[in-house]
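Coordinate analysis (summary)
Here's the letter readout for the chains.
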Amino acid sequence: MVNTRRHVRFSIADDVRSFGDQYRGCGHYVRIYQTGITHDCESPYCKLSPSHMHKTARNCGCNSEYADYRRVRNLFQTKCDACQADEADQHGRRTGRQW
């Protein structure tokens, strides 16, 4: 029997591995640290890959940003610290026209 489920990862950009905390209250991911491990996508349309097709062109429109491969270290049911601080600030402010 042939296994029809193949886990092939197609990526348009190189990725950087990172670990962080996921907050379900606001949906934010807070990066704690990067592992330093990068994965080459081997795409000819990625400036970060050694397989890039425009090696000498300076202004090509190919992707030049790393994708973020996230690993969740902790999963919290609350909002992140930044969202909690914003929420506390909003309760103390007056609403109305800002001059």
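Residues numbered from 1 in each chain as written. Predicted model: local features only at pLDDT ≥ 70, side-chain atom pairs only at ≥ 80, totals over all residues. Heavy atoms only, no water.

1. What about the overall build of the protein chain?
A count of helices and strands for the protein chain gives one helix and three strands. Ordered by position from the N terminus, the helices and strands of the protein chain form the series β-β-β-α. When the 99 residues of the protein chain are sorted by exposure, 18% land in the buried category. For the protein chain, restricting intrachain contacts to residue pairs at least 6 apart in sequence, the fraction spanning at least 24 positions comes to 53%. (Helix = DSSP H or I, 4+ residues; strand = E, 2+ residues; numbered from the N terminus. Buried < 20%, exposed > 50% of the residue type's maximum accessible area, 1.4 Å probe, protein only. Contact = heavy atoms within 4.5 Å.)

2. A word on the packing of aromatic side chains
Each aromatic ring pair is characterised by the separation of its centres together with the angle its planes make. For the structure shown, the criterion picks out two aromatic pairs. When the centroid spacing of 5.0 Å and the interplanar angle of 20 degrees are considered together, the rings of tyrosine 23 and phenylalanine 76 count as stacked. Pair noted here: tyrosine 23 is in strand E1 (residues 15–23) and phenylalanine 76 is in strand E3 (residues 67–76), with a separation of 53 residues, a long-range link. Of the residues examined, tyrosine 23 reaches a relative accessible area of 10% and is grouped as buried. Owing to a relative accessible area of 32%, phenylalanine 76 belongs among the partly exposed residues under this scheme. Geometry around tyrosine 69 places arginine 17 over its ring, the cationic atom sitting 4.3 Å from the centre. (Phe/Tyr/Trp six-rings, centres within 6.5 Å; stacked < 30°, edge-to-face > 60°. Lys NZ or Arg CZ within 6 Å of the ring centre and 35° of its normal.)

This is a description of form; function is not addressed.
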